[in-house]
Amino acid sequence: PTTALKTHQSPLRHQIRTVAIFHDKRGYAIGSIEGRVQIAHVNDSEVSKNFAFKCHRDQSTQDIYAVNAIVFHQQHGTFCTAGSDGTFNFWDKDARQRLKSFSRLPNSISAVDFSYTGDVFGYAVAYDWSKGYDQQNRNGESIWLHPVQEGEIKPKKN
C-alpha cells in the first residue's frame, strides 16, 4: 500500500507482537512483548476510549510474558489474547474486563482464531522462541479446537 488510512505511534514501550482490527473497523488492539494490550480508536473523536492493560503475567513469580496473538469475535466484538505464558483469555473491551480465563497449557500459544460463525476457537500450542534456542521445547506442540460457549464470549450486561 502506498497511502495509509491513518498512522499512529504506539504508546507501548516495547516491541509490538500482534495487531487486530475491530470488526466495526473503528479501532484496533495491539499486543506487545511486555504483556500489555493497547485498545485504540481510529477516529480522533473517540480517543478518550483508548486504554491499555496488563495481561499474561504470573503474579506469584512476577514474570511477564509476550502477547502473541489477538483476535476479535465476529458477532460480539469481544476478543481473545494469547501469550507466551501458555494461557488465553476472553475480554470485553467496552466494559474493560476479562470475561473468561483459561488454564495454562504446557507451552506458549503462538496463534489463535475464531471460526466464521464464532462457535469454535482454534489455537496453536507451540514454542514461540521467546526464551531463545537453548530453551526450546517442542513437546506438546498441537492444535486445539475449543467449542465456544456464549457465556464465555458474550459481553456482560451492565
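This section reports on the structure supplied with the text. All figures in this text were calculated on a predicted structure; none of them were measured in a lab. (Residues numbered from 1 in each chain as written. Predicted model: local features only at pLDDT ≥ 70, side-chain atom pairs only at ≥ 80, totals over all residues. Heavy atoms only, no water.)

Next up on the list: the overall build of the protein chain. Scanning the protein chain from N- to C-terminus turns up 1 helix and 13 strands. The C-alpha atoms of the protein chain give a radius of gyration of 16 Å, which matches the 15 Å a tight globule of 158 residues would have. The C-alpha extent of the protein chain, read off along each of the three principal axes, is 45 × 35 × 35 Å. Every one of the 158 residues in the protein chain was classed for burial, and the buried ones make up 45%. Pairs at least 24 apart in sequence give 40% of the contacts found in the protein chain among residues at least 6 apart. With an accessible surface of roughly 9400 Å², the protein chain has 49% of that area assigned to carbon and sulfur atoms. Mean positive and mean negative side-chain charge positions of the protein chain (19 and 16 charges, respectively) differ by 5 Å. (Helix = DSSP H or I, 4+ residues; strand = E, 2+ residues; numbered from the N terminus. Rg over C-alpha atoms; globule rule 2.2 N^0.38 Å. Buried < 20%, exposed > 50% of the residue type's maximum accessible area, 1.4 Å probe, protein only. Contact = heavy atoms within 4.5 Å. Areas by Shrake-Rupley, 256 points an atom, 1.4 Å probe, with all protein chains shown as cover. Lys, Arg positive; Asp, Glu negative; His and termini not counted. Charge placed at Lys NZ, Arg CZ, Asp CG, Glu CD.)

Applying the stated criterion to the full structure yields 15 aromatic pairs. Between Phe53 and Phe79, the aromatic rings sit 6.4 Å apart at their centres with planes inclined by 50°, giving tilted as the arrangement. In this pair, Phe53 is assigned in strand E4 (residues 51-54) and Phe79 in strand E8 (residues 79-83), connecting sequence segments 26 residues apart. Residue Phe53 is classed as buried on the basis of its relative accessible area of 15%. By relative accessible area, Phe79 is classed as buried at 1%. Each ring, one from Phe114 and one from Phe121, has its centre 5.0 Å from the other, and the planes form 55°; the classification is tilted. An aromatic cluster is defined as three or more aromatic residues linked by ring pairs; in this entry it consists of Phe88, Phe90, Phe102, Phe114, Phe121, Tyr123 and Trp144. Its end group placed over the ring of Phe102, Lys100 keeps NZ or CZ at 5.4 Å from the ring centre. (Phe/Tyr/Trp six-rings, centres within 6.5 Å; stacked < 30°, edge-to-face > 60°. Lys NZ or Arg CZ within 6 Å of the ring centre and 35° of its normal.)

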